[in-house]
Amino acid sequence: MIEADVIIVGAGPTGLMLAAELRLAGVRPLVLERLPQRRDTPKAGGLGGQILQLLRCRGLLERFEAACTGPVPAPRFPFGGVHLDFTQLADPPMHALPLPQQQLEQLLGERADELGVDIRRGHEVIGVSQDDAAVTVDVRGPDGPYRVIARYLVGCDGARSRVRDWAGIPFPGTTYPEVNRLAQVTLPETVSVRGNGDLDVPGFGTIRAGFTRTGQGLLGVGSSPASKVVSLYTIEDETTEYDDDTPMTVTELQDSIRRVLGADLPVGEPIRLSRFTFKARQAERYRDGRILLAGDAAHLFPATGVALNAGMLDAVNLAWKLAADIHGQAPAGLLDTYHDERHFAGTRTMLHTRAQVALRRGHDPAADALREVFQELLADEQPLRRMGALVAGTDIRYPMPGSHHHALAGTFTPNLTLHTDQGITSVAELMHPARPILLDLADRPDLRRTTRDWQDRVDIHTAKTDQRPADVLLIRPDAHIAWAATLDEPDDTAAPALREALSGWFGTPRIR
Ligand SMILES: Cc1cc2nc3c(=O)[nH]c(=O)nc-3n(C[C@H](O)[C@H](O)[C@H](O)COP(=O)(O)OP(=O)(O)OC[C@H]3O[C@@H](n4cnc5c(N)ncnc54)[C@H](O)[C@@H]3O)c2cc1C
């Protein structure tokens, strides 16, 4: 007997985001998490990229901003040993919030609780099998083993996903033989910070602010004379496989600095210590029958700052498609577009994070020259904007089925300010319920009439906007544009094309 629609394995950021999105779409997911409590090992220090726009579309961005641990930093992002410096741009293409992963998981957990998601902590999934009708899940809970049968299962169980193994999905790629250690620590009185951020270390001399490369690796120092807190970063070639849940210690940091620098750097109290290794791996398939993968279980990227964005966007893309299937409304092939679209997006993220490895790992004069040339190119606005969009994932345009498309089809919807009979609103505000929208910006009653056949699942809004990107936008729950039309298209082709798009994405219309 089916007891759950969707079982989500893992209550990390991806699993929690997926659970909340499924609830919004009217599905009751069951989240099984092996850890009895939320983990407190520091992982990501912030959240950035396209996911912030999506959070705005759920009415959550302000809540997430309010929980940030510090001011939103100047838009300057590391990119493989160089920097993307957006500080000169009034509208930077990439934003990030200083929201450590523990706080992020807490917020996502609160949101899931508010929506009534069943999250069972201390329940480890120990076996999964599937047939044409269901997935059978063996669980070890606090009161002993039990079994649950569900229609679908999503492995949001992280880098070492066992769900991926049970589904027999290969995870090809590269593990780079390097370990990154990142710390924020106070400095003892004996170490002073110069006006330019350099450190004066007794018995050694000066350590430059920024990156110092030695034959043994790289030391990064970020400091300010106004603060006794310094950021330290080391990269060393090392093949040890660390467990992300084993915390780094101050001694481990100091040993690493000693190996890279050949000298001791005295440090005071630790504020944040973390360690990570880089892998470039992507699941060959994000779906095997009734089992799907999302987040780190589906992809690992060899650079920082992109994984949460990718994983949470996987969740948003998958949720409405799974829900449509469970409600019996999904058109043929809809669930397979999850793999098509998110594998495509993951490949794009892999492209630039692998390029970052090539930029970052070279320690010879040729590599220095490459970084210098790259940094010079990034002084120009156009390449800087292009790289920003690539890193943020805002340049993703999902491949759309069929041949004739408006330029906006497949892209993330612009957040237009809208004037309606009820007052001023925005596209993001209309997206809060996570339902598909037909947005009529040019008073096209023919297209509104066509959409009425789907009004049980597609909301229809009429509005005016100052800079109209199209007459009519059909927007999916993940805020990507499914279809668009402009005035220069003849009326008699627009309505049938819209009907085809509505059926293709949202299924057969209800009988009126
Ligand atoms: C030190 C460090 C720094 C990082 N910095 C950044 C950063 O700056 N920006 C960024 O975007 N990303 C960063 N990352 C990556 C980011 O932390 C991950 O991408 C993110 O945690 C992935 O989320 P997830 O939900 O997919 O998987 P996870 O967070 O790994 O969650 C998986 C969950 O599944 C549970 N689980 C596993 N197996 C089972 C099972 N059999 N049964 C039940 N539950 C199970 C686990 O306990 C875990 O809670 C960093 C990672 C590390 C380690």
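Residues numbered from 1 in each chain as written. Predicted model: local features only at pLDDT ≥ 70, side-chain atom pairs only at ≥ 80, totals over all residues. Heavy atoms only, no water.

As recorded in an unreviewed UniProt entry, the chain goes by FAD-dependent oxidoreductase and comes from Phytohabitans rumicis. What UniProt states about the chain under its Cofactor (unreviewed entry) heading is, verbatim, "FAD". (UniProt positions renumbered as here; feature names shortened; annotations may be inferred.)

Caption draft 1: Fine view of the site of the ligand. Inspection of the region around the ligand gives 31 residues, with Glu33, Arg39, Gln101, Asp296 and Leu308 positioned closest. At 3.0 Å from a nitrogen atom of the ligand is found a main-chain nitrogen or oxygen belonging to Val125. A distance of 3.4 Å is found between a nitrogen atom of the ligand and a backbone nitrogen or oxygen belonging to Gly305. In the complex, the protein chains occlude 91% of the 1,000 Å² of accessible area that the ligand would expose alone. Examining the composition of the shell around the ligand, we find that 3 residues originate from one element, strand S18 (residues 270–282), more than from any other. Across the shell around the ligand, the residue classes break down as 11 nonpolar, 11 polar and 9 charged. Domain assignment of the residues forming the shell around the ligand places at least three in each of domain 1 (4–171 + 283–392) and domain 2 (176–279). (Near = heavy atom within 4 Å. Polar contact = N/O pair within 3.5 Å; in protein donor to acceptor, adjacent residues only side chain to side chain. Areas by Shrake-Rupley, 256 points an atom, 1.4 Å probe, with all protein chains shown as cover. Helix = DSSP H or I, 4+ residues; strand = E, 2+ residues; numbered from the N terminus. Nonpolar A, V, L, I, M, F, W, Y, C, P; charged D, E, K, R; others polar. Domains from an automatic or database assignment.)

Caption draft 2: Structural detail: the nonpolar core. Ranked by size, the top nonpolar core spans 88 residues in total, and within it Ile7, Phe64, Leu439 and Leu473 carry the most contacts. Examining the composition of this core, we find that 10 residues originate from one element, helix H7 (residues 307–326), more than from any other. Here this core spans two domains, and each of domain 1 (4–171 + 283–392) and domain 3 (417–506) adds at least three residues to it. Filtering out sequence-adjacent residues up to four positions away, Leu473 remains in contact with Leu408, Thr413, Leu416, Ile437, Leu438, Leu439, Leu441, Ile481, Trp483 and Ala484. (Core = buried A, V, L, I, M, F, W, Y, C linked by side-chain atoms within 4.5 Å. Buried < 20%, exposed > 50% of the residue type's maximum accessible area, 1.4 Å probe, protein only. Contact = heavy atoms within 4.5 Å.)

Caption draft 3: Representation of the sheet that holds strand S27 (residues 481–485) within the structure. One open sheet holds the 4 strands; their spatial order is S25-S24-S26-S27, and the pairing between them is mixed. The open sheet is flanked by strand S25 (459–462) and S27, the only strands paired with a single partner. Ignoring which end each strand starts from, the neighbouring axes of this sheet average 15° apart. Alignment of strand S24 (residues 437–440) against strand S26 (residues 472–475), held across 4 bridges, turns out to be antiparallel. Paired with Leu438 across the two strands is Leu474, which belongs to S26. (Pairing = 2+ DSSP bridges. Axes fitted to C-alpha atoms, helices over the stretch in contact; angles between N-to-C directions.)

Caption draft 4: Region of interest: unusual backbone geometry. Phi at Ala434 is positive, roughly 60°, even though this residue is not glycine. Tracing the backbone through its elements, the reader meets Ala434 in the loop between helix H11 (427–430) and S24. The backbone phi angle of Asp443 is positive, close to 50°, even though this residue is not glycine. Residue position: Asp443 is located in the loop between S24 and helix H12 (445–451).

Caption draft 5: Examining the pattern of salt bridges more closely. Under the criterion given, the structure shown has 37 salt bridges. Among the ionic pairs, Arg181 bridges to Glu238, the shortest N-O distance being 3.4 Å. One end of the pair, Arg181, is in strand S11 (residues 173–186); the other, Glu238, is in the loop between strand S17 (229–237) and helix H6 (250–261), with 57 residues separating them in the sequence. The salt bridge involving Glu381 is made with Arg385; its shortest N-O contact spans 2.9 Å. Within this pair, Glu381 and its partner Arg385 are both found in helix H10 (residues 381–392), separated by 4 residues, close to a single helical turn. Among the residues examined, Glu381 registers a relative accessible area of 45% and is labelled partly exposed. Three or more residues are tied together by salt bridges with common partners; here these are Arg181, Glu236, Glu238, Glu252, Arg259 and Arg275. (Salt bridge = Lys/Arg side-chain N within 4 Å of Asp/Glu carboxyl O.)

Caption draft 6: Expanded view of the pairing of strand S22 (residues 417–420). Inspection of the sheet shows S22 paired to strand S23 (residues 423–426) by 4 bridges, in the antiparallel sense. Opposite Leu418, over in S23, you have Thr425 as the bridge partner. Hairpin geometry of S22 and S23 is characterised by an intervening segment of 2 residues between the two adjacent antiparallel strands.

Caption draft 7: Quick peek at the side chain of His352. If you trace the backbone, His352 turns up in helix H8 (residues 336–361). Take His352: its relative accessible area is 2%, and that puts it in the buried class.

Caption draft 8: Structural detail: the packing of aromatic side chains. Considering all chains together, one arrives at 6 aromatic pairs under this definition. Look at Phe77 and Phe86: their rings are 6.0 Å apart centre to centre, the planes differ by 55°, and that puts the pair in the tilted class. By relative accessible area, which is 0% here, Phe86 ends up buried. Measuring from centroid to centroid gives 5.9 Å for Tyr286 and Tyr338, while their planes differ by 50°, and the two rings are tilted. One end of the pair, Tyr286, is in the loop between S18 and strand S19 (287–288); the other, Tyr338, is in helix H8, with 52 residues separating them in the sequence. (Phe/Tyr/Trp six-rings, centres within 6.5 Å; stacked < 30°, edge-to-face > 60°.)

Caption draft 9: Quick look at helix H4 (residues 101–114). With 14 residues, H4 should reach 20 Å at 1.5 Å per residue; the first-to-last C-alpha distance of 20 Å fits that figure. Turning to H4, its buried residues are Gln101, Leu104, Glu105, Leu107, Leu108, Gly109, Arg111 and Ala112. In this structure, the buried residues of H4 make contact with helix H1 (13–24), strand S3 (47–48), helix H3 (61–66), strand S7 (118–121) and H7. Looking one or two places after H4, you find Gly116, whose phi comes out positive at around 80°. (Expected span 1.5 Å × (residues − 1).)

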